[in-house]
Amino acid sequence: MFTVRKIFLALVITAFIIGCSSSSSDDGPSGKTDTFNRGALLTNVADNIIIPAFQDLSTKLSALKSDKETFVTTPDQTNLDALRVSWLAAYKTWQYVEMFNIGKAEEILYYFQMNVYPVSTTDVEANIASGSYDLSHINNNDAVGFPAVDYLLYGIGADDTVILGKYADVKYKNYLSDVIDQMLSLTEIVLNDWTSSYRSTFINETGNTSTSALNKFINDYVFYYEKGLRANKIGIPAGNFSANPLPEKVEGVYSKTFSKELALEALNAVQNLFKGKAYSSSATGQSFSSYLIDLERMELVTLINSRFDGARQKLQVLSTDFNSQINTDNTKMTEAYDALQLAVVSLKVDMLQAFNINVDYVDADGD
């Protein structure tokens, strides 16, 4: 009898321990069952952030095309200045869509046709000289997009007089025209897909699978922050991944005064998306932050926003020209990188674990 009682008691204790263990781990660190409306998050992102941003980019690129057509007809200083203003306006808006490498954008390799930098001036000049080129070919990814226009408007001559002189050659006019036309055409393809069919697919793929829109979208967001913003804009040119700094690899290297402005726009875009802030207003909707709050992870929301704000402070003290900043005081660049890096762990580990989503890309830069 005593032996039977001991066995029964042992079984009860074991069952109790297993039950406690299951209840404390099944729902993640907070112990909160995940009942969040993921579809509402995707709907807010699609309708209030992604589509309006692409619409604005399309509008800005249409203005850039119009100013380009005026310039190639009359390549004078006034028209060059106007074209530069349009280019910068579109480039700033680009910072709000670059992270959305999903759907048609992923299919047509949109990012690689829009913002691979540094531009290969060798390829650009070879294309211009030949007068025959396929801008959509993979070999021309570093000879098109915003960086190519940066070179064509600021880098093909030592000063504006020389630059304007280049446009006496119809081949330079044609190349500038073709690059800008392609940028608008690609953007309209992506935008039309969002507004005609992909929106519905996107907001309905809420499952946690490697191919669902939700899973890919969140991974793309983290990837963009880690690689597109932290590494490409700051870490690589500052020398965090090489033996020496590489100042020629900054964004906007030829215009010289916009790399800081573009980086700050990119960080604003990242933080606005995290908060669910609409692109065209101050309204907010369901977002990564509200998802975390629903999972009782308010402390992580506070930490991530704090780290974004800390990184912004480090970016704000930099020179407007990152190339100059690296050559004069690279320590401030590496400090900005370190500040951006702090949020990588919060996003890539803590946030993804809270959402029960696995990282779907390979980290190849050693961090």
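Thresholds, definitions, all that
Residues numbered from 1 in each chain as written. Predicted model: local features only at pLDDT ≥ 70, side-chain atom pairs only at ≥ 80, totals over all residues. Heavy atoms only, no water. UniProt positions renumbered as here; feature names shortened; annotations may be inferred. Helix = DSSP H or I, 4+ residues; strand = E, 2+ residues; numbered from the N terminus. Areas by Shrake-Rupley, 256 points an atom, 1.4 Å probe, with all protein chains shown as cover. Phe/Tyr/Trp six-rings, centres within 6.5 Å; stacked < 30°, edge-to-face > 60°. Buried < 20%, exposed > 50% of the residue type's maximum accessible area, 1.4 Å probe, protein only. Core = buried A, V, L, I, M, F, W, Y, C linked by side-chain atoms within 4.5 Å. Contact = heavy atoms within 4.5 Å. pLDDT = per-residue confidence, 0-100. Salt bridge = Lys/Arg side-chain N within 4 Å of Asp/Glu carboxyl O. Axes fitted to C-alpha atoms, helices over the stretch in contact; angles between N-to-C directions. Parallel < 35°, antiparallel > 145°, perpendicular 65-115°, else oblique. Left-handed = near helix turned anticlockwise from the far one by under 90°. Nonpolar A, V, L, I, M, F, W, Y, C, P; charged D, E, K, R; others polar.

- By the naming in an unreviewed UniProt entry, the protein chain goes by Imelysin family protein and is assigned to Flavivirga algicola.
- Here is the UniProt Subcellular location (unreviewed entry) comment for the protein chain, exactly as written: "Cell envelope".

Comments concerning the overall build of the protein chain
Alright, step 1. Looking only at helices and strands, the protein chain has 14 helices and 0 strands in total.
Alright, step 2. Reading the helices (α) and strands (β) of the protein chain from amino to carboxyl end gives α-α-α-α-α-α-α-α-α-α-α-α-α-α.
Alright, step 3. When the accessible surface of the protein chain is split by element, carbon and sulfur atoms take 54% of a total near 16,000 Å².

Some remarks on the packing of aromatic side chains
Alright, step 1. Enumeration over the complete set of coordinates arrives at 27 aromatic pairs.
Alright, step 2. For the pair Tyr-133 and Tyr-175, a centre-to-centre distance of 4.9 Å together with 85° between the ring planes defines the contact as edge-to-face. Here Tyr-175 lies in helix H9 (residues 170-204) and Tyr-133 lies in the loop between helix H6 (121-130) and helix H7 (145-154), a separation of 42 residues in the sequence.
Alright, step 3. On the basis of relative accessible area, Tyr-133 is assigned to the partly exposed category, the value being 22%.
Alright, step 4. Taken together, a centroid distance of 6.2 Å and an interplanar angle of 50° make the contact between Phe-288 and Phe-355 tilted.

Let's talk about the nonpolar core
Alright, step 1. Among the nonpolar cores identified, the biggest contains 112 residues, and Phe-202, Phe-217, Tyr-221 and Met-351 are the most heavily contacted of them.
Alright, step 2. Excluding residues within four positions of it along the chain, Phe-202 makes contact with Leu-42, Val-45, Ala-46, Ile-50, Ile-102, Trp-194, Ala-213 and Phe-217.

Points about the confidence of the model for the protein chain
Alright, step 1. Confidence along the protein chain averages 92 in pLDDT terms, with 90% of residues attaining 70 or more.
Alright, step 2. For the stretch residues 1-30, pLDDT sits under 50, and the model shows 6 contacts to residues farther than four places along the chain or on other chains.

Overview of the pattern of salt bridges
Alright, step 1. What the rule picks out here adds up to 15 salt bridges.
Alright, step 2. A salt bridge links Arg-84 to Asp-81; its shortest N-O distance comes to 4.0 Å. Of this pair, Arg-84 and Asp-81 both sit in helix H3 (residues 77-94), 3 residues apart, roughly one helical turn.
Alright, step 3. The network of salt bridges with common partners includes Lys-68, Glu-69 and Asp-181.

Brief notes about the packing of H6 against H9
Alright, step 1. Axis separation between H6 and H9 bottoms out at 8 Å; the angle between their running directions is 120°. Comparing their axes, H9 and H6 come out oblique. The chirality of how H6 crosses H9 is right-handed. Across from Val-124, Glu-125, Asn-127, Ile-128 and Ala-129 in H6, the residues of H9 making contact are Lys-171, Tyr-172 and Tyr-175.
Alright, step 2. Of the residues assigned to the contact of H6 with H9, the class counts are 5 nonpolar, 1 polar and 2 charged.

Observations concerning the side chain of Asn-305
Alright, step 1. Tracing the backbone shows Asn-305 in helix H13 (residues 298-316).
Alright, step 2. Not counting residues within four places of it along the chain, the set of residues in contact with Asn-305 comprises Gln-271, Phe-274 and Lys-275.

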